[in-house]
Every structure is written in structure tokens, then in C-alpha cells.
Amino acid sequence: MTEDYPLRPFLPADTMALRDLFAQSIEELTGDDYDEDQRLAWAASAVDAEAFLNRLAGALTLIVQIDGEYLGFASLKDNKIIDMLFVHPEYAGEGIGSALVAALEKIAAARGTNEISVDASDTAVPFFAGRGYEPVRRNSVPLDDQWLSNTTMKKPLAAADKSSAPAAKPS
């Protein structure tokens, strides 16, 4: 498992491919935690392409794309909230999610954020716990005529130390 994946910022032209990846990830990776109606309601939240584009563009969204293939994406909202993290099912468990989250954490810390949070799906809770996130509260989110549970998790970030130059020694 590596965190060495090429990352790039979201472009509007990515919208349709990321919508497909979003839906495929929900359908194939969350079946143990959410029933079919819940997964369909969740995936349908991206049916409106313009709204999905605006959600991605309204945050700092990073993408892993290799040889034209989209492997995953993640968004940082308000410099302190991981709004979305989705990995293509064929590449789940290969470090793509870790690379994306590590990059978002690094950017948030460099911008002065002390703590980062995520409303993690039941599927993603173990992933975030493994990265040092602590559960804060359970949530029930209405989506169409379904209720989806998730867990708000938080992690303290070490602020980028601007005074890391060695102190001058007295002579």
C-alpha cells in the first residue's frame, strides 16, 4: 500500500466521470452497511450534474487519475471538513483513499486548521479510525425517503510549524 499517487485538482470536465465513480463506489463498496434503497438514494444525490459539479467546485477537490482512468477523488470543504472521499471499487484498498486524505490533511494543516472532521459512512468508519480519527457522534441523514446513518469523526492536525529553523546558539 502506497500513498504515492499523482494528485491533481478537479476540473469541470471531470464531473461526469466522477459522478459515475461516485455511484459505482456506493453501489459496490457499501452493500454490507446500507440496503439497496439507501444506496440508490445516496447515489441519486449526484443525478443533477450541475449540482454535483457545484459541490465539487465549491470545495478543494483532488483527483487520482492514471492513464485517463479515474481511481478516486476527495473534497475538502471550508478547509476543515472532508466532504467526499470515493475510490473506484477496482482500486479499493490500494492506498488511493489514504493518499487523498493525507493530501487534504496536509493542505488543511498548512492553511492553519487545527482539527479536521468527516461525516464518515458506516463503511468508511474503520478507514478513518485507522488514520487517527475519533468518533464524536452518530447521525441520521434523510435522503429522499431513506435515512442513512453516518458518524462524525474528528482528528487534530499538527499546524505547519513556521519556526522550524534551528535556534541560533549563543557564542
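Below is a short write-up of the structure. These numbers come from a predicted model, not from an experiment.

### Things to note about unusual backbone geometry
Phase 1 of the analysis: In the Ramachandran plot, Asn79 falls in the positive-phi region, its phi being about 60° despite a non-glycine side chain.
Phase 2 of the analysis: Inspection of the secondary structure puts Asn79 in the loop between β3 (69-77) and β4 (81-87).
Phase 3 of the analysis: Taking relative accessible area as the criterion, Asn79 reaches 16% and is therefore assigned buried.
Phase 4 of the analysis: Look at Asp144: it is not a glycine, yet its phi comes out positive at around 55°.
Phase 5 of the analysis: Examined against the element boundaries, Asp144 turns out to sit in the loop between β6 (134-143) and β7 (146-156).
Phase 6 of the analysis: Among the residues examined, Asp144 registers a relative accessible area of 65% and is labelled exposed.

### Notes on helix α1 (residues 15-29)
An α-helical segment advances 3.6 residues per turn. Residues three or four places apart therefore align on the same side.
Phase 1 of the analysis: Given a rise of 1.5 Å per residue, 15 residues ought to cover 21 Å, and the 21 Å separating the end C-alpha atoms of α1 matches this to within 8%.
Phase 2 of the analysis: Along α1, the positions that sit buried rather than exposed are Thr15, Leu18, Arg19, Leu21, Phe22, Ser25 and Ile26. Considered in projection along α1, the buried side chains sweep an arc of 165° and stay on one side of the axis.
Phase 3 of the analysis: In this structure, the buried side of α1 is in contact with α2 (36-44), α3 (49-57), β2 (60-66), β3 and β4.

### Considering the pattern of salt bridges
Phase 1 of the analysis: Within this structure, the stated rule accounts for seven salt bridges.
Phase 2 of the analysis: Of the charged contacts in the structure, one is a salt bridge between Glu105 and Lys155, with a shortest N-O distance of 3.2 Å. Separated by 50 residues along the polypeptide, Glu105 in helix α4 (residues 96-110) and Lys155 in strand β7 bring together distant segments of the chain. The two residues Glu105 and Lys155 agree in class, both being buried.

### Considering the pairing of β2
Phase 1 of the analysis: Bridge count for strand β1 (residues 7-9) against β2 is three bridges, and the pairing is antiparallel. Following the sheet pairing, Leu7 is matched in β2 by Val64.
Phase 2 of the analysis: Examined bridge by bridge, β2 and β3 share seven bridges and lie antiparallel to one another. Counterpart to Ile63 in the pairing with β3 is Phe73.
Phase 3 of the analysis: The antiparallel pairing of β2 with β3 creates a hairpin that spans two residues between the two strands, and Asp67 there sits at a positive phi of about 50°.

### Quick notes on α2
Phase 1 of the analysis: Taken residue by residue, α2 has Gln38, Arg39, Ala41, Trp42 and Ala43 as its buried positions.
Phase 2 of the analysis: A side-chain oxygen of the first residue of α2 lies 3.1 Å from the backbone nitrogen of Asp37; this N-cap is Asp35.

Reading guide: rules and limits
- Residues numbered from 1 in each chain as written.
- Predicted model: local features only at pLDDT ≥ 70, side-chain atom pairs only at ≥ 80, totals over all residues.
- Heavy atoms only, no water.
- Helix = DSSP H or I, 4+ residues; strand = E, 2+ residues; numbered from the N terminus.
- Buried < 20%, exposed > 50% of the residue type's maximum accessible area, 1.4 Å probe, protein only.
- Expected span 1.5 Å × (residues − 1).
- Arc of directions from axis to C-beta.
- Contact = heavy atoms within 4.5 Å.
- Salt bridge = Lys/Arg side-chain N within 4 Å of Asp/Glu carboxyl O.
- Pairing = 2+ DSSP bridges.
- Polar contact = N/O pair within 3.5 Å; in protein donor to acceptor, adjacent residues only side chain to side chain.

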